[in-house]
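Chain by chain, the residues:
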Amino acid sequence: MYQLYGHRNSGAAAIEAALELCQIAYRFIDIEASSEAAEALARLNPLKQVPTLQLPDGSAITESVAILIHLGLSFPESGLLPAKAIDRDQAIRGMVYIASNCYAAIGVIDYPERWLVMPDEASRQNLMAGARERLHWSWEVFADQFSAELYLDDETPGALDVLAAVVTRWSGSREHLRQTRPGFYAWLQRIDRHPVLAPVFARHWPV
């Protein structure tokens with residue numbers, strides 16, 4: 001059985017959503033629920049990153065995009081990755097864009113002290129503000145470049161959809177997009193409401 005290490009309001013939501021779309025058995029292990037769970041994660045991934053996915057053979061995969069690609073290739077019938085190579089290439093490009101531009105900026109916003117030699121409060125606030133501005137701009141670029149790759153009502157959401165739906169929830173990105181890219185914002189809401197995905201997102205972001 002697959003075992004997914006994560007916690008609420010984390011990138012593990014994207015992987016949990018993907019596992020649901022694959023219709024395979026898995027166990028979600030909340031690393032904030034017990035010290036044993038956190039220790040088990042540390043043995044699999046010394047960086048203690050979430051999400052970490054342990055495969056049925058006991059090996060582990062880290063990095064959200066790598067996990068999504070693994071699941072898409074392992075369960076092609078899920079539709080996580082497009083069947084056509086040209087479409088699959090663009091979906092992978094979009095996921096790498098999110099990881100390298102959006103996810104990276106969120107890491108700076110959440111942990112600015114990691115990027116400062118002298119983390120005084122003024123420097124922290126300045127770095128956080130600059131990273132947030134860059135993050136919101138990066139989402140505008142994504143909306144302009146990749147909206148055509150996202151799913152419509154009569155399709156199955158893919159890996160790019162679930163990753164975008166999760167990562168846009170942080171650092172004020174949804175509200176920014178609601179104002180600047182309302183069409184893309186509406187796409188994200190459509191993904192949120194998908195009957196397979198909605199229960200996952202509700203667990204991570206209860207109303």
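Note that the structure is a prediction, hence the values are computed from the model and not measured.

Novice: What is the right way to look at the side chain of His204 in this model?
Specialist: Tracing the sequence through the fold places His204 in helix α9 (residues 198-204). Only 2.8 Å separates the side chain of His204 from the side chain of Glu16, close enough to count as a polar contact. Those residues in contact with His204 that sit more than four places away from it in its chain are His7, Arg8, Asn9, Ser10, Ala12, Ala13, Glu16 and Phe28.

Novice: Even after reading the chapter, I still don't get helix α8 (residues 182-193), so can you show me in this structure?
Specialist: Residues spaced three or four apart along an α-helix point in a common direction, a consequence of the helix completing one turn every 3.6 residues. Across its 12 residues, α8 extends 17 Å between first and last C-alpha, which sits within 8% of the 16 Å expected from 1.5 Å per residue. Buried within α8 are the following residues: Phe184, Tyr185, Trp187, Leu188, Ile191 and Asp192. Mapping the buried residues of α8 onto a view down its axis gives an arc of 155°, with all of them on the same face. Away from its buried face by more than 90 degrees, α8 exposes Pro182 and Arg193. If you follow the buried residues of α8, they end up packed against α5 (121-146), α6 (159-167), α7 (173-180) and α9.

Novice: Hey, could you run me through the sheet that holds strand β4 (residues 60-62) in this one?
Specialist: Adjacent strands of a sheet form backbone hydrogen bonds with each other and so pair up, either parallel or antiparallel. An order of β2-β1-β3-β4 is seen for the 4 strands of this open sheet, with the pairing classed as mixed. Each edge of the open sheet carries a strand with a single partner, namely β2 (26-30) and β4. Along the sheet, successive strands turn relative to each other by an average axial angle of 20°, direction set aside. Strand direction decides the pairing type here: strand β3 (residues 52-54) and β4, joined by 3 bridges, are antiparallel. Its bridge partner being in β4, Thr52 is matched across the sheet by Thr62. Here helix α1 (residues 12-22) sits on the sheet in contact with β1 (2-6), β2 and β3, set at roughly 155° to β1. Strand contacts of helix α3 (residues 64-74): β1, β3 and β4, with the helix running at about 125° to β4, the strand carrying the most contacts.

Novice: What is the right way to read the side chain of Glu140 from this model?
Specialist: The residue Glu140 is located in helix α5 in this model. Polar contacts involving the side chain of Glu140 include one to the side chain of His176, which spans 2.6 Å. Here Glu140 is in contact with His176, Leu177, Thr180 and Arg181, once residues within four sequence places are set aside.

Novice: Got a minute to help me understand unusual backbone geometry in this structure?
Specialist: Of all residues except glycine, most have a negative phi; of all peptide bonds, most are trans. In this structure, Pro51 follows Val50 across a cis peptide bond, with omega equal to 5°. Checked against the element boundaries, Pro51 lands in the loop between α2 (35-44) and β3. At Lys48, a residue that is not glycine, the phi angle is positive and equals roughly 60°. The phi torsion at Glu63 lies on the positive side, around 75°, for a residue other than glycine. Take Glu63: its relative accessible area is 44%, and that puts it in the partly exposed class.

Novice: What exactly am I supposed to notice about the layout of surface pockets here?
Specialist: Leftover empty space is mapped by rolling, across the atoms, a probe with the size of a water molecule. Each pocket or cavity is described by its volume, and for the largest pocket that value is around 830 Å³. Lining the largest pocket are 23 residues, and of these Val50, Tyr103, Gly107, Tyr111 and Arg114 lie nearest its centre. Listing elements by their share of the lining of the largest pocket, those giving two or more residues are α3 and α4 (85-110). Broken down by class, the residue content of the lining of the largest pocket amounts to 12 nonpolar, 7 polar and 4 charged. Split by domain, the residues of the lining of the largest pocket number at least three in each of domain 1 (2-78) and domain 2 (85-195).

Novice: Teacher, can you tell me more about the domain arrangement of the protein here?
Specialist: Considered domain by domain, the protein is made up of domain 1 (2-78) and domain 2 (85-195). Of note, the centres of domain 1 and domain 2, computed from C-alpha atoms alone, are 20 Å apart. Between domain 1 and domain 2, the residue contacts involve 12 residues of the former and 13 residues of the latter. In total, domain 1 and domain 2 occlude about 980 Å² of area from one another, counting both sides; carbon and sulfur atoms represent 81% of this. On the domain 1 side of the interface with domain 2, the three residues burying the most area are Leu21, Val65 and Leu68, jointly 44% of the side's total. The tally of links between domain 1 and domain 2 comes to 0 salt bridges. Where domain 1 touches domain 2, the interface holds 1 residue pair in polar contact (both at pLDDT 80 or more).

Scoring rules and cut-offs
- Residues numbered from 1 in each chain as written.
- Predicted model: local features only at pLDDT ≥ 70, side-chain atom pairs only at ≥ 80, totals over all residues.
- Heavy atoms only, no water.
- Helix = DSSP H or I, 4+ residues; strand = E, 2+ residues; numbered from the N terminus.
- Polar contact = N/O pair within 3.5 Å; in protein donor to acceptor, adjacent residues only side chain to side chain.
- Contact = heavy atoms within 4.5 Å.
- Expected span 1.5 Å × (residues − 1).
- Buried < 20%, exposed > 50% of the residue type's maximum accessible area, 1.4 Å probe, protein only.
- Arc of directions from axis to C-beta.
- Pairing = 2+ DSSP bridges.
- Axes fitted to C-alpha atoms, helices over the stretch in contact; angles between N-to-C directions.
- 1 Å grid on protein atoms, 1.4 Å probe; cavity = no way out; pocket = protein on both sides within 12 Å on 5 of 7 lines; lining within 4 Å.
- Points joined across faces, edges and corners; volume = space filled by probe spheres on them.
- Nonpolar A, V, L, I, M, F, W, Y, C, P; charged D, E, K, R; others polar.
- Domains from an automatic or database assignment.
- Buried area = accessible area lost by both parts, 1.4 Å probe.
- Salt bridge = Lys/Arg side-chain N within 4 Å of Asp/Glu carboxyl O.

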